[in-house]
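Each chain is listed here by its residues.
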Amino acid sequence: MSEQQIGRTYEAASVESRIYQAWEDAGAFACDPGSAAAPFVVMMPPPNVTGSLHIGHALNMTLQDVLSRYWRMCGRDTLWQPGSDHAGIATQMVVERQLAEEGGPDRKALGREAFVERVWAWKRESGGTINRQLRRLGASADWSRERFTLDEGLSAAVRQVFVQLHREGLVYRDKRLVNWDTQLRTAISDLEVDTREVKGGFWYIRYPFADGDGHVTVATTRPETMLGDTSVAVHPEDSRTAGFVGREVRLPLTDRVIPVVADEYVDPEKGTGAVKITPAHDFNDFEVGRRHGQTPINILHADGSLNDNVPAAYRGLDRFEARKRVVADLEAQGLLEREEEIVHTVPFGDRSQTVIEPWLTDQWFVDAKTLAGPAIRAVEEGATRFVPTNWANTYFEWMRNIQPWCVSRQLWWGHRIPAWYGPDGKVFVAESEAEARAAAEQAFGKPVELVQDEDVLDTWFSSGLWPFSTLDWPARTDLVERYYPGTVLVTGFDIIFFWVARMMMMGLHFQKQVPFRDVYIHALVRDAKGRKMSKSEGNVIDPLELMDRYGTDAVRFTLVAMAAQGRDIRLAEDRVKGYRNFVTKLWNAARFLELQGAGQAAPAARPAPVLSLNRWIEAAAAEAAQSVAAAITAYRFDEAAAVAYQFLWHTYCDWYLELAKPLLGGDDADARAETQGSAAAAFAVTLRMLHPLMPFVTEELWSLRQESERLLALTPWPDAPRSTDLEAKGEIEWLMAFVNEVRSVRSELRVPQAAMVGIRFRTTTAAADRALAVHGEAMRRLARIESFAVDDGQDSQAAELEAAGTVALMPLAGTIDVAAERTRLAKEMETLRKDIARFEAKLANPSFVDRAPPAVVQEQRDRKTDAEVRSERIERALARLGTGMEAA
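For clarity, every value in this text was computed on a predicted model and none was experimentally measured.

The next subject is the overall build of the protein chain. A tally of helices and strands in the protein chain yields 28 helices and 29 strands. Reported as C-alpha extents along the three principal axes, the dimensions of the protein chain are approximately 110 × 70 × 55 Å. For the protein chain, the proportion of its 888 residues judged to be buried stands at 53%. When the accessible surface of the protein chain is summed, it comes to about 38800 Å², and 47% of that surface belongs to carbon and sulfur atoms.

So, in structure tokens, the structure goes:
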């Protein structure tokens, strides 16, 4: 191999696309249904077809890729199932905006068929962005099996599931409240609702009793909705309002009289103790009205204007204009008791940015409560496990309080609901229009005109089938039998209910098994200050920009290294920059090996090493690989990164290569050849253990070093160590501990960096003797030691060292002023003790802890911890000098 084989620097930009293409050309990521190997299955959460890679995607997909690459190297038949979601509202909005910019016909003018074809055209041209970006990230998904939620196969699954659920009475049409977007004019899911705190009015309104004797006061943030009130509610045990129950009040601004009812929903501790009940425009009020047999009164059109169910003066007004008019009229009639300005939560549509209205409308619903029962039991009984386990509580909380699931959306882009209406409104649910017509003809005794439902299904309905619809169900079942249930689902906590729960319900109902054994819930990626990233805050970190700047491997390793279970990631660019240095460290180690004649794979028939240093590093590499494996299989990704980092940077580079330099450059040909082989073998293990975390640079080095004709991505995971070489391990670990001890003393006592020191051993061990005999020269170089001696004499000007059973003295006379150093340390110790006492007093003061901002309290805790660490260090330094004094 030429000395120029591995370049001076790693050029990520020129390597990554070439490496990825090599993986794809080799079919490295393809599953093998005919394999005898056990499957490992990860279902990729399908990103929106409109999406672009954000930092949350980068974390989620990196963790899935770590798992997929690791288990593939372990010999499992790995299926990481990729695909994308049609994203009904988001995609329709993109194309509608495009039409508006062109100045041509809008969606309605185009008509449904032409508009849907226009969306498909957009998808073909622009819909692959996110998957191209995932390739840049190194995602080793089986792209040959890529699926789209509107593919014909998946659409067939959606139709069959809908029809079967309808046949079983689990899908039905009903008039209920939904989240209504008045701009998009469609129902939306809770996930598409963005709840914000805003300033607004809080109006106290007098409702006169119908008999003319007094009034009851209610308070509301939405006074226009009073026009749809059906009652006033009070708590049955509230003594203040006990006499109101059963009486009637005259609804202001209308000619209606409504009752006062008792209901435990009312919180007697809040407000006036009386609450207006508007069943058609509030989710809680809907349930109160239902309990009391009240008919909801819908006062809004789909666009948010007031309809004919309100007095003529308000008809046709926009809801916010109506609010102003109602308040003015109440004030004019002396019925507005007072108005306050408050901060309260208001729901906004995350796409339209308009205020969302609870709206009573006819929609299709799934009986989620019935489907939730088996899904709850599956987690209770351990068929599916949440990691970390506390997220199971979140799952249970949502599932045990689940409401009917509204699955219809007033859109054109999506799975059109397979329901047709006859002349009298009778509905025929079928998988095809032909089946619906046949059913209608049988019902009416003749062919009749049918009209298909205009609505499409909620995107979560089709994505809820993802674990088995992507396996070509219902057309075939062999892939389902092999790859269902999946091994693990990796996702964020925000969609436990919206996606995880729906997959659990659908999987158990249609496949009679849970869709995945484990659900790993990762944390959020926040900015360096712990704030949630948002465009309005200006703190969004773009992973693509980081990849351009530092390389993909550095970004991936940063995310993995910070992915501790249950703890949000505080991401700063400096962390990525730091881990780019780790990539560079790996590259430079390979260059060093090349210069030392270890630039290629170790010979396959190489004899077992004899030298303790080489025996130690080969065993240490195998042990590190096993520790990385154990961490990955336990979903402790940060620990996997920490072990790999520690091994490469410290164990291999800082210690092994430094200790090996005399052997690699010495005159003993046998020792040199053995060390070259061991250095190369341990480095090959390092590349393999790092590959799931940093796939690009490791694959490039694997190729440049001619490790194998096989791609690293398809190379087996390193074998477990055959046995622990206790002699070699003890020898080298003593050496490292002793050098570190010398370095600590030098630092604690401010020994000048250039000063050479002597070491006098009082006690020693066999491991120490072996290390000194073989590596004494390297130890002198690493710790700037002038000489070693064995001497149990005393020295009042020396510091004591202890390491793994050995005790030694470091004479300091003439190197530092020991007495002055002891005085300095004692003064610093006294200052630190006072600081620690001050911090403790402050943190023990409830008025400070309760009133100060959390960040300030945490800063005080951090400063106390830092002072304690420094105090321990000084105490140790004083003890070292004190021992020498006492010995005198």
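We now examine the sheet that holds strand β28 (residues 798-803). With respect to topology, 4 strands assemble into an open sheet ordered β27-β26-β29-β28, the strand pairing being mixed. This sheet does not close on itself; its edge strands, each paired only once, are β27 (785-790) and β28. Along the sheet, successive strands turn relative to each other by an average axial angle of 25°, direction set aside. Of the pairings in the sheet, the one linking strand β26 (residues 757-763) to strand β29 (residues 806-811) comprises 3 bridges and is antiparallel in character. Counted as the bridge partner of Phe 761 is Ala 808 from β29.

Glancing now at helix α25 (residues 766-783). In this model, α25 (18 residues) spans only 21 Å end to end at C-alpha, well below the 26 Å of a helix rising 1.5 Å per residue. A bend of about 85° at His 775 is the largest found in α25. Along its buried surface, α25 packs onto α20 (612-633), α21 (637-664), α24 (726-748), β26, β27 and β29. Arg 784 sits one or two positions beyond α25 and adopts a positive phi of about 55°.

It is worth spelling out the pairing of β29 at this point. Sheet faces and side chains relate simply in a regular strand, where the side chains alternate between the two faces. Relative to β29, β28 is paired through 6 bridges, and the arrangement is antiparallel. Counterpart to Ala 799 in the pairing with β29 is Met 810. Linking β28 to β29, which pair antiparallel, is a turn of 2 residues; within it Ala 804 sits at a positive phi near 45°.

Bringing the packing of aromatic side chains into the picture now. The geometry of an aromatic ring pair is captured by two quantities: the separation of the ring centres and the angle between the planes. Here the structure, examined in full by the defined rule, presents 44 aromatic pairs. Between the aromatic rings of Trp 23 and Phe 696, the centroid separation amounts to 5.2 Å while the plane-to-plane angle is 35°, which identifies the pairing as tilted. Here Trp 23, found in helix α1 (residues 12-25), pairs with Phe 696, found in helix α23 (residues 695-704); they are 673 residues apart in sequence, far enough to count as distant. Exposure remark for Phe 696: the relative accessible area of 1% places this residue in the buried category.

Before going further, it helps to spend a moment on the layout of surface pockets. Considering only enclosed or pocket space, the second largest pocket measures out at about 1300 Å³ in volume. Contributing to the lining of the second largest pocket are 42 residues, with Thr 221, Arg 222, Asp 282, His 344 and Thr 345 lying nearest its centre. Within the residue set of the lining of the second largest pocket, elements represented by two or more residues are β7 (193-208), β8 (215-220), β12 (274-277), α8 (283-291), α9 (319-332), β13 (336-349) and β14 (357-366). Broken down by element, the lining of the second largest pocket gets its largest block of residues, 7 residues, from β7. In terms of residue class, the lining of the second largest pocket is built from 17 nonpolar, 15 polar and 10 charged.

Further remarks concern the nonpolar core. The biggest cluster of nonpolar side chains holds 148 residues, and the ones touching the most others in it are Trp 616, Tyr 652, Met 689, Leu 690, Trp 734, Phe 738 and Leu 749. Among residues more than four places away in sequence, those in contact with Leu 690 are Phe 557, Phe 582, Leu 586, Ala 644, Leu 648 and Thr 698. Membership of the second largest hydrophobic core comes to 65 residues, among which are Trp 391, Ala 419, Met 505 and Met 506.

Moving on, we come to the sheet that holds β12. The strand order across the open sheet formed by 4 strands is β10-β11-β9-β12, and the pairing between neighbours is mixed. One side of each edge strand has no neighbouring strand; the edge strands of this open sheet are β10 (248-250) and β12. Between one strand and the next, the sheet's axes are offset by a mean angle of 30°, whatever the strand orientation. Pairing analysis gives 4 bridges linking strand β9 (residues 231-234) to β12, with the strands arranged antiparallel. Paired with Val 234 across the two strands is Ala 274, which belongs to β12.

This part is about helix α22 (residues 669-690). Its 22 residues give α22 an end-to-end C-alpha distance of 31 Å, which sits within 8% of 32 Å, the value for a rise of 1.5 Å per residue. The buried fraction of α22 is high, at 18 of 22 residues. With a side-chain oxygen lying 3.1 Å from the backbone nitrogen of Asp 670, the N-terminal cap of α22 falls on Asp 668.

Our next topic: the environment of Val 697. Within the element layout of this structure, Val 697 appears in helix α23. Overall, the relative accessible area of 0% leaves Val 697 in the buried class. It is 62 Å that separates the C-alpha atoms of Val 697 and Thr 225, two residues lying 472 residues apart in sequence. Sequence-distant contacts of Val 697, defined by excluding residues within four places in its chain, comprise Tyr 10, Asp 553, Val 583, Leu 586 and Trp 587.

Attention shifts here to the side chain of Thr 149. Here Thr 149 shows up in the loop between β4 (147-148) and α7 (152-167). Polar side-chain contacts of Thr 149 include one of 2.7 Å to the side chain of His 86.

Glancing now at the pairing of β8. Two elements, β7 and β8, share 6 bridges in a ladder whose sense is antiparallel. Paired with Trp 203 across the bridge in β8 is Thr 220. Taking the residues that link successive antiparallel strands as the turn, the β7-β8 hairpin has 6 residues, and the phi of Gly 212 there is positive, at about 85°.

Per the stated rule, a full pass over the model turns up 0 disulfides. For Cys 31, which is in no disulfide, the shortest distance to another cysteine sulfur is to Cys 74 and amounts to 18 Å. Judged by relative accessible area, Cys 31 falls into the buried class, the value being 12%.

Turning to the packing of α24 against α25, a few remarks are in order. Following both chains from N to C, one finds α24 and α25 inclined at 40°, their axes separated by 9 Å at the closest point. Between α24 and α25, the interaxial angle falls into the category oblique. Note that α24 runs across α25; the crossing there is right-handed. Where α24 abuts α25, its residues Glu 727, Gly 730, Glu 731, Ile 732, Trp 734, Leu 735, Phe 738, Val 739, Val 742, Arg 743 and Arg 746 lie against Ala 767, Ala 768, Arg 770, Ala 771, Leu 772, His 775, Met 779, Leu 782 and Ala 783. Residues of the contact of α24 with α25, tallied by class, amount to 13 nonpolar, 2 polar and 5 charged.

This part takes up the side chain of His 344. Relative to the elements of secondary structure, His 344 occurs in strand β13. The buried category is assigned to His 344, whose relative accessible area is 18%. Every residue in contact with His 344, bar those within four places of it in the chain, is listed here: Arg 196, Glu 197, Val 198, Gly 200 and Thr 221.

Let's shift gears to the confidence of the model for the protein chain. Per-residue pLDDT for the protein chain has a mean of 92; in total, 99% of the residues score no lower than 70. Low confidence marks residues 883-888, where pLDDT is under 50. Its contacts with residues over four positions away, or in another chain, come to 10 contacts.

A word on the pattern of salt bridges. Close approach of charged atoms allows side chains with opposite charge to pair. According to the stated counting rule, one finds 55 salt bridges in the structure shown. Glu 337 is the salt-bridge partner of Arg 206, the closest N and O atoms lying 3.4 Å from each other. Separated by 131 residues along the polypeptide, Arg 206 in strand β7 and Glu 337 in strand β13 bring together distant segments of the chain. According to the relative accessible area criterion, Glu 337 is partly exposed, its value standing at 29%.

This part takes up unusual backbone geometry. Cis rather than trans, the peptide bond between Val 387 and Pro 388 has omega equal to -5°. As for its placement among the helices and strands, Pro 388 is situated in the loop between β15 (385-387) and α11 (391-400). Pro 485 follows Tyr 484 through a cis peptide bond whose omega is 0°. Following the sequence through the fold, Pro 485 ends up in the loop between α15 (478-483) and β22 (486-492). You will see that Arg 185, though not glycine, has its phi angle at about 60°, which is positive. Within the element layout of this structure, Arg 185 appears in the loop between β5 (171-181) and β6 (186-188). For Gln 706, which is not glycine, the phi dihedral falls at a positive 55°.

Counting through the fold element by element, Asp 518 comes out in strand β23 (residues 516-522). For the pair Asp 518 and Thr 831, spaced 313 residues apart in the sequence, the C-alpha separation amounts to 52 Å. Ignoring anything within four residues of it in the chain, the contact list for Asp 518 reads Arg 385, Thr 487, Val 488, Leu 489 and Tyr 635. A polar side-chain atom of Asp 518 sits 3.0 Å from a polar atom in the side chain of Arg 385. A distance of 2.8 Å separates a polar atom in the side chain of Asp 518 from a polar atom in the side chain of Tyr 635.

Parameters at a glance
- Residues numbered from 1 in each chain as written.
- Predicted model: local features only at pLDDT ≥ 70, side-chain atom pairs only at ≥ 80, totals over all residues.
- Heavy atoms only, no water.
- Helix = DSSP H or I, 4+ residues; strand = E, 2+ residues; numbered from the N terminus.
- Buried < 20%, exposed > 50% of the residue type's maximum accessible area, 1.4 Å probe, protein only.
- Areas by Shrake-Rupley, 256 points an atom, 1.4 Å probe, with all protein chains shown as cover.
- Pairing = 2+ DSSP bridges.
- Axes fitted to C-alpha atoms, helices over the stretch in contact; angles between N-to-C directions.
- Expected span 1.5 Å × (residues − 1).
- Bend = angle between axes of the 7 residues up to and from the residue.
- Contact = heavy atoms within 4.5 Å.
- Phe/Tyr/Trp six-rings, centres within 6.5 Å; stacked < 30°, edge-to-face > 60°.
- 1 Å grid on protein atoms, 1.4 Å probe; cavity = no way out; pocket = protein on both sides within 12 Å on 5 of 7 lines; lining within 4 Å.
- Points joined across faces, edges and corners; volume = space filled by probe spheres on them.
- Nonpolar A, V, L, I, M, F, W, Y, C, P; charged D, E, K, R; others polar.
- Core = buried A, V, L, I, M, F, W, Y, C linked by side-chain atoms within 4.5 Å.
- Polar contact = N/O pair within 3.5 Å; in protein donor to acceptor, adjacent residues only side chain to side chain.
- Disulfide = S-S within 2.5 Å.
- Parallel < 35°, antiparallel > 145°, perpendicular 65-115°, else oblique.
- Left-handed = near helix turned anticlockwise from the far one by under 90°.
- pLDDT = per-residue confidence, 0-100.
- Salt bridge = Lys/Arg side-chain N within 4 Å of Asp/Glu carboxyl O.

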